[in-house]
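# Survey of secondary and tertiary structure
Chain by chain, the residues run as shown.
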Amino acid sequence: MTPTITPELVHRHGLSEHEFAGIKALLGREPNFTELGVFSVMWSEHCSYKNTRRELKKFPTTGPRVLVKAGEENAGVIDIGGGWAVAFKMESHNHPSAVEPFQGAATGVGGIIRDIFTMGARPVFLLNSLRFGPIHDEGEYGRKNRKLIRGVVAGIAHYGNCIGVPTIGGEVYFDESYNGNPLVNVFCLGILRRTEIARGAASGVGNAVFYVGSETGRDGLAGAAFASRDLTEESRADRPAVQVGDPFRGKLLLEACLELLASGAVAGIQDMGAAGLTCSTCETASRGGTGVQIDLALVPKREPDMSPYEILLSESQERMLIIVQRGKEEQVKRIFEKWDLPYSKVGTVTNDGFMRVLDDGSVEVEIPAKQLADDAPIYEREAAPPPAPESIDISKLELLDPKRSLLQLLKHPSIASKNWIFRQYDHTVRAGTVVPPGSDAAVFYVREANRFLAATTDCNSLYCCLDPREGARIAVAEAARNLTCSGADPLAVTDNLNFGNPYKPENFWQLREAVEGLAEACRRFGTPVTGGNVSLYNESPQGSIDPTPTVGMIGLIEDEAWITRQYFRDQGDIVFLVGEVGHEIGGSLYLKAVHGRKAGAPPRLNFEKELAVQQLVRELIRTGIVKSAHDCSEGGLAVALTESCISGSEKIGATVGAPDFQGRPDIFLFNESQSRIIISVAPEAAAQVESRAEEVGVPLVRLGEVGGRTLTIDAGGTSFVWSLDQLHDPWYFSIVRALAHQDL
Amino acid sequence: MSTPLIVFRMKLEVLVMPKRTVLDPQGVAVRNAVRELGLENVETVRVGKIIEIEFSAEPDEKKLNEICRDLLSNEVIEDYRVVGTTTSFP
Amino acid sequence: MSTPLIVFRMKLEVLVMPKRTVLDPQGVAVRNAVRELGLENVETVRVGKIIEIEFSAEPDEKKLNEICRDLLSNEVIEDYRVVGTTTSFP
Amino acid sequence: MKIAVVRFPGSNCDQDCLRALQDGLEVDAEYLWHKETSAAGYDAIVLPGGFSYGDYLRCGAIAAFSPVMRAIIEAANHGTPVFGVCNGFQVLCETGLLGGALIRNRSLLFLCQPVVLKIENNSTPFTRLLNEKSLLRMPIAHGEGAFYADGSTLAELEDNGQVVFRYVDEHGEATSEANPNGSMNNIAGICNPAGNVVGMMPHPDRSWDRRLGSEDGLQLFKSLVETLLSVAA
Ligand SMILES: Nc1ncnc2c1ncn2[C@@H]1O[C@H](COP(=O)(O)OP(=O)(O)O)[C@@H](O)[C@H]1O
Ligand SMILES: [Mg+2]
């Protein structure tokens, strides 16, 4: 029995009256139940970006290296020279991970990997950007958050490790605003020859349409619509059947598809991600300027008695749609059989522009594909700034013992070592990881292309909460700075916009501010945005999450000798701060973690200054004199220096200070002013650093010297001494200890 | 001769199985392997967990159920049952 | 009215348990967690597997036993038993 | 001379092993598909790491029954050198070519980290270029790598010198802290009584290239090639 279409049913499908009228006009009739389902997922926020598309247009998307632009295909493609290119993208799996952290995160990894090999690229590494509520708390949320982080990390490890793509970096932050609504953004990069980019178009009328991969079940029914709603207790109850990832099938599918693409038998290829069969059929038809006709009776199914609605909207994992060149069907079948994959010829490419779905011969769905895929209504939501954040009067800020404050900061899980997490990720498979997790950016040797790539993800959402535009600009700058510190030239960006419900004017305002901030910064750094993802409706019972426009950035290191790490290496080396001592304390982690205040204006970014600092550090690295480079971010100078001392395999101390500094020691130690990089060089190279900085007009502070078993910092006349062990213990074990004991 | 000490021992088994509606990739892989090895009549396989628990005193039933639901199984994707011991592993 | 098709279905469960002599870190972790959660009287926990198999025809017994011994369990570390189905998962 | 690198469904270090041989040593090596029923024509066989059959049921259990393994067992019994790395080691234990089993890491977590290994037996085809007691550095990456054997099997392995690699600290001591996963006697790798079949959990296939921070793994592949050359000579 198919339900009759009532206003109530339309509403439950998340479609407005206006949208429903549009559907009727488009079809020239009432849609049936299955068609209503098809529209509801394709016109959901998740698939259509109806509330954000206008904003996304603000990003710079072109550049000399861009081969496939944002929005054209499943992922953007960038030229890295020598005939090689990379496809990369970031995607979120926030809502599924909130409901079932292990499977939610695992299927997120599976999904982004499919997006990359759909482009014809072999996935070579993964990054992940995570946000959780606090994990050290005793209460209800503390327990929940610990369960979430254990599940998410295990899920990412499960999928990535099994499929054999190393997870070489990422970031994790903790803040109350993510209580119960974690963010799980995963990034994948793949390598391909620049002439062999695969397309997701249904080209060639008469070509066969093949379905390959796992059988379709009732999993994740209408997950795209689910992701386009607030996460509430009720939504947890009416959630779709959880999608379970099968990295083993994922691996077979990956190998089979790459073999297939190399065989020249494929006219078009598209993964079935959100909105499964629905999205892949209408999108390929739309891109090809063709139509697609399939028959659901031919679709491999896991469960009996599935309705057309269920089959079309299922989000079962590890499935692909493949358009096969005429005459090559047998060759394609042999490859599927070799890899033991279920497959079926489900339809053909047509010339009438329709997405037509038959149910054992009788027409069930008939919708113009292009309009369905591309003509969802576009909205401009109302935007209004939230109340300005509380300002900070430094003179009224209590001066606490800075010695203790640093230990407190090191113990804060946003700063503490993430070893508990990245040890669970296989980061050495594929024998290419040159700089593993634990330095500013990961560096990977892409053997196929004989190229060194650096990659990072960044976003300080505390800044974004206080000033989304500035926070977004800084996210881009910080990503570029991380790449610079590792010796790379920034190339391009993928982003993941994580925000709350866009119908709340302050959320939409935050989103717009952040997009404009990202766009401006990407222009200034010459790093086009080649793709990304939007995740809205991130709400916990206490309200919206802090705006989190995560930036994933990749860079190229031309010469192996330039690869640079963040930790000090040799006794006697001279430590410089490239940039100024700084003073800005608003939005700092010091204020939040030590004084319990999420307040003030975040630091201001000056592009000229930032570009000059990065330029100088890259240049110095290329002269071969830089032994370590580390950017100053959360926790300021003191935390950055600590990390340079203790994050390498051998700990080494330093004695530093800025003789000219006058003022409060906590400001000196913990301010988060931007455009600062700590480098170390051999004593004989110090003069060269000084004269070069002077020539290009970049401020430089000679901080001191590497060596000894303590970190000793002179902060405005007072000297503070920490033993290396004293620093190492809270930093290294904070997260390990929080998660060591199983709780509910 | 000393009299043997009588020790209270109660054994329970918690059986946890993936829900039928949820994909069980392990079950699929095992089914295929079992078929290859010559049992072609295998239709479906599901792989679950047994958690064998020995108590030295009768456990609190409410608590036990809570633990089964929240710790030993995952209600989003699994069903569980508690049975008195039916197997006799050494 | 059509007569219902009668389909042969036979369900077996293979229960696999780590040997008592083999360290079962998962069992220990679960025991500790269960104790912390308030069931202090837990003495030991072992975590094993249930493999639920449905056949569409009576399986060859010899073959079945072979598969249980060689594939479904590893005699170096595990014991197994085959039982007719005792649980009733949906 | 030709060396086979077996590909099971779910192998994911197949390429790393092949490259270690082809790029690291420039020897003739090629993939051997799991559905093949013969391993003839190969002078040595490498079973790579990964998640054969998704590691479902038990690591290596399903792969142990693949057609190619029947052929490899026969070749091994005739003296062909067989090298199992990580998942390959697990497969070898499951087939019974090697004793013992690999169970869940003591921490219950997957672990990816560098380790130090001590060579305990330098008479296998894979260790003959190394000095006994010399130390090698390479990564591990596994969730089920704790070596287990019952008392008599363990005693036999130790007495026969079948323990090839042990996890040790910087000073070569087999301490409990140096044991990453809870392996009995810190065992990281063993061989069969004849010495031609060797399995190890750590990854020489990820430490054959200077860029990866260690070239120690290359020594093992080099030893194999040396052995094969000396047999041929
Ligand atoms: N934040 C963003 N910035 C830039 N491009 C974006 C962003 N979000 C989505 N896009 C682009 O929009 C297109 C469609 O989104 P996509 O995530 O691919 O949908 P799907 O989930 O179906 O794969 C992609 O090309 C994607 O890169
Ligand atoms: Mg996509």
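Our subject in this report is the structure included herewith.

## Brief notes about the overall build of chain B
Helix and strand counts for chain B stand at 2 helices and 3 strands. Expressed as a percentage of the 90 residues in chain B, the buried residues total 50%. Contacts in chain B between residues at least 24 apart in sequence constitute 74% of all its contacts with a sequence separation of at least 6. Summed over all atoms, the accessible surface of chain B reaches about 4,500 Å², with 50% contributed by carbon and sulfur.

## Structural notes on the sheet that holds strand S10 (residues 187–191) of chain D
Within a beta sheet, neighbouring strands are joined by backbone hydrogen bonds and run either parallel or antiparallel to one another. Residue and element names in this part refer to chain D. Pairing is mixed in the open sheet, where 9 strands are placed in the order S2-S1-S3-S4-S11-S10-S9-S6-S7. At either margin of the open sheet sits one strand with a lone partner, and together these are strand S2 (29–33) and strand S7 (135–142). This sheet shows a mean twist of 25° between the axes of neighbouring strands, independent of strand direction. As paired strands, strand S9 (residues 163–168) and S10 are joined by 3 bridges and run antiparallel to one another.

## Regarding the coordination of the magnesium ion (ligand 2)
Residues and elements named next belong to chain A. Protein coordination at the magnesium ion (ligand 2): the donors are Asn 74 (OD1) and Asp 115 (OD), at 2.6 to 2.7 Å from the metal. Of this pair, Asn 74 sits in the loop between strand S1 (66–68) and strand S2 (76–81) while Asp 115 sits in helix H7 (residues 101–117), and the two are 41 residues apart along the sequence. Of the two residues, Asn 74 and Asp 115, both sit in the buried class.

## Topic: the pattern of salt bridges
Opposite charge on two side chains lets them pair, provided their charged atoms get close. Residue and element names in this part refer to chain A. All told, the structure shown has 88 salt bridges over all chains when counted by the stated rule. With a shortest N-O distance of 3.6 Å, Arg 199 and Glu 72 are connected by a salt bridge. Taken together, the positions of Arg 199 in the loop between strand S6 (183–193) and strand S7 (208–213) and Glu 72 in the loop between S1 and S2 put the pair 127 residues apart, joining distant regions of the chain. Classification of Arg 199 as partly exposed rests on a relative accessible area of 35%.

## Quick look at the site of ligand 1
All names here are of chain A. Tyr 49, Gly 71, Lys 89, Asp 495 and Gly 532 are the nearest of the 14 residues found near ligand 1. Between Lys 89 and ligand 1, the recorded distance is 2.6 Å, taken from a side-chain N or O atom to an oxygen atom. At a separation of 3.0 Å, a nitrogen atom of ligand 1 approaches a polar backbone atom of Asn 533. Surface burial for ligand 1 is 87%, taken as the share of its 540 Å² of free accessible area covered by protein chains.

## Section: the sheet that holds strand S3 (residues 78–84) of chain B
An order of S3(B)-S1(B)-S2(B)-S2(C)-S1(C)-S3(C) is seen for the 6 strands of this open sheet, with the pairing classed as antiparallel. Bordering the open sheet on either side are S3 of chain B together with strand S3 (78–84) of chain C, each of which pairs with just one other strand. If you compare each strand with its neighbour and ignore which way they point, the axes differ by 25° on average.

## Re the interface of chain C and chain B
Accessible area lost upon the coming together of the parts is a frequently used measure of interface size. At the interface, 44 residues of chain C touch 44 residues of chain B. Interface of chain C and chain B: buried area, both sides summed, is about 4,000 Å²; carbon and sulfur atoms make up 64% of it. Counting every contact that joins chain C to chain B gives 6 salt bridges. C:Arg20 is the partner of B:Glu52 in a salt bridge, and the nearest nitrogen-oxygen pair spans 3.7 Å. For the pair chain C and chain B, the interface holds 15 residue pairs in polar contact (both at pLDDT 80 or more). Counting residues per element, the side of chain C that touches chain B draws most heavily on strand S2 (residues 42–55) of chain C, at 14 residues. Its residues assigned to classes, the side of chain C that touches chain B shows 24 nonpolar, 7 polar and 13 charged. With 13 bridges joining them, strand S2 (residues 42–55) of chain B and S2(C) adopt antiparallel strand pairing. Paired with B:Glu52 across the two strands is C:Arg46, which belongs to S2(C).

## Observations regarding the interface of chain D and chain B
Contact with chain D, which involves 4 residues of that partner, is made by 6 residues of chain B. Summed over both partners, the interface of chain D with chain B buries about 510 Å², with 81% contributed by carbon and sulfur atoms. Considering only the surface of chain D that becomes buried against chain B, D:Tyr56, D:Leu57 and D:Ile62 emerge as the three largest contributors, covering 77% of it. Applying the counting criterion to the chain D and chain B interface returns 0 salt bridges. For the pair chain D and chain B, the interface holds 1 residue pair in polar contact (both at pLDDT 80 or more). Residue composition of the side of chain D that touches chain B, grouped by class: 4 nonpolar, no polar and no charged.

## What about helix H26 (residues 724–740) of chain A?
Residues and elements named next belong to chain A. For H26, spanning 17 residues, the distance from its first C-alpha to its last is 24 Å, which sits close to the expected 24 Å at 1.5 Å a residue. Within H26, the axis deviates most sharply at Phe 733, by approximately 50°. Along H26, the residues classified as buried are Leu 724, Leu 727, His 728, Pro 730, Trp 731, Ser 734, Ile 735, Val 736, Ala 738 and Leu 739.

## Digging into the relation of the copies chain C and chain B
The two chain copies are connected by a rotation around an axis plus a translation along it. For the pair chain C and chain B, the best superposition has an RMSD of 0.3 Å and corresponds to a rotation of 180° with a translation of 0.0 Å parallel to the axis. The superposition operator between the copies reduces to a two-fold rotation axis. It is C:Lys49 whose C-alpha, among those of chain C, lies nearest the rotation axis, at 2.1 Å.

## Describing the packing of H7(A) against helix H8 (residues 140–163) of chain A
All names here are of chain A. It is the contact of H7 with H8, at a shortest axis distance of 7 Å, that shows an interaxial angle of 35°. Between H7 and H8 lies a crossing whose hand is right-handed. Between H7, through Pro 101, Phe 102, Ala 105, Ala 106, Val 109, Gly 110, Ile 113 and Arg 114, and H8, the contact on the second element is made entirely by Lys 147, Leu 148, Gly 151, Val 152, Ala 154, Gly 155, Ile 156, His 158, Tyr 159, Gly 160 and Ile 163. Here the residues of the contact of H7 with H8 sort into 12 nonpolar, 5 polar and 2 charged.

## A word on the packing of aromatic side chains
Counting across every chain of the model gives 22 aromatic pairs over all chains. Each residue in the set A:Phe88, A:Phe125, A:Phe187 and A:Phe444 is aromatic and connected to the rest through ring pairs, giving one cluster. Here the basic side chain of A:Lys338 rests over the ring of D:Trp33, its NZ or CZ set 4.9 Å away from the ring centre. A cation over an aromatic ring shows up here: D:Arg211 above the ring of A:Tyr445, its NZ or CZ 4.1 Å from the ring centre.

## Some points on the environment of D:Phe126
All names here are of chain D. Inspection of the secondary structure puts Phe 126 in the loop between strand S6 (111–119) and S7. The class for Phe 126 is buried, based on a relative accessible area of 1%. When the C-alpha positions of Phe 126 and Leu 57 are compared, they lie 30 Å apart, and in sequence the two are 69 residues distant. Discounting chain neighbours no more than four positions away, the residues touching Phe 126 are Pro 81, Val 82, Phe 83, Asn 196, Val 198, Gln 219, Leu 220, Ser 223 and Leu 224.

## Comments concerning the nonpolar core
Burial of nonpolar side chains together is a common tendency in soluble globular proteins. Ranked by size, the top nonpolar core spans 162 residues in total, and within it A:Ile322, C:Ile51, C:Leu72, D:Ile3 and D:Ile45 carry the most contacts. Residues within four places of C:Ile51 in sequence aside, it is in contact with B:Val30, B:Val45, B:Arg46, B:Val47, C:Leu12, C:Glu13, C:Val14, C:Val16, C:Leu72 and D:Leu57.

## Here we look at the environment of A:Pro123
Residues and elements named next belong to chain A. Examined against the element boundaries, Pro 123 turns out to sit in strand S4 (residues 122–132). Considered as a pair, Pro 123 and Leu 372 are 249 residues apart in the sequence and their alpha carbons are 30 Å apart. Excluding residues that lie within four positions of it along the chain, Pro 123 makes contacts with Ile 113, Ile 116, Phe 117, Val 165, Cys 188, Leu 189, Gly 190, Leu 254 and Arg 430.

## A word on the side chain of A:Thr527
Residues and elements named next belong to chain A. Turning to its location among the elements, Thr 527 is positioned in the loop between helix H20 (505–525) and strand S18 (529–535). Owing to a relative accessible area of 0%, Thr 527 belongs among the buried residues under this scheme. Once you skip the residues sitting within four places of it in the chain, Thr 527 turns out to touch Pro 490, Leu 491, Ala 492, Val 493, Cys 522 and Met 553.

## A look at the side chain of D:Ser214
All names here are of chain D. Within the element layout of this structure, Ser 214 appears in the loop between strand S11 (197–200) and helix H5 (216–232). With a relative accessible area of 12%, Ser 214 lands in the buried category. At 3.1 Å, the side chain of Ser 214 forms a polar contact with the backbone nitrogen of Asp 216. Sequence-distant contacts of Ser 214, that is, excluding residues within four places in its chain, are made with Arg 137, Ser 207, Trp 208 and Asp 209.

The rules behind the values
Residues numbered from 1 in each chain as written. Chains lettered and ligands numbered in written order. Predicted model: local features only at pLDDT ≥ 70, side-chain atom pairs only at ≥ 80, totals over all residues. Heavy atoms only, no water. Helix = DSSP H or I, 4+ residues; strand = E, 2+ residues; numbered from the N terminus. Buried < 20%, exposed > 50% of the residue type's maximum accessible area, 1.4 Å probe, protein only. Contact = heavy atoms within 4.5 Å. Areas by Shrake-Rupley, 256 points an atom, 1.4 Å probe, with all protein chains shown as cover. Pairing = 2+ DSSP bridges. Axes fitted to C-alpha atoms, helices over the stretch in contact; angles between N-to-C directions. Donors = N, O, S within 2.8 Å, 3.2 Å for Na, K, Ca; no water. Salt bridge = Lys/Arg side-chain N within 4 Å of Asp/Glu carboxyl O. Near = heavy atom within 4 Å. Polar contact = N/O pair within 3.5 Å; in protein donor to acceptor, adjacent residues only side chain to side chain. Buried area = accessible area lost by both parts, 1.4 Å probe. Nonpolar A, V, L, I, M, F, W, Y, C, P; charged D, E, K, R; others polar. Expected span 1.5 Å × (residues − 1). Bend = angle between axes of the 7 residues up to and from the residue. Least-squares fit on C-alpha atoms with pLDDT ≥ 70 in both. Left-handed = near helix turned anticlockwise from the far one by under 90°. Phe/Tyr/Trp six-rings, centres within 6.5 Å; stacked < 30°, edge-to-face > 60°. Lys NZ or Arg CZ within 6 Å of the ring centre and 35° of its normal. Core = buried A, V, L, I, M, F, W, Y, C linked by side-chain atoms within 4.5 Å.

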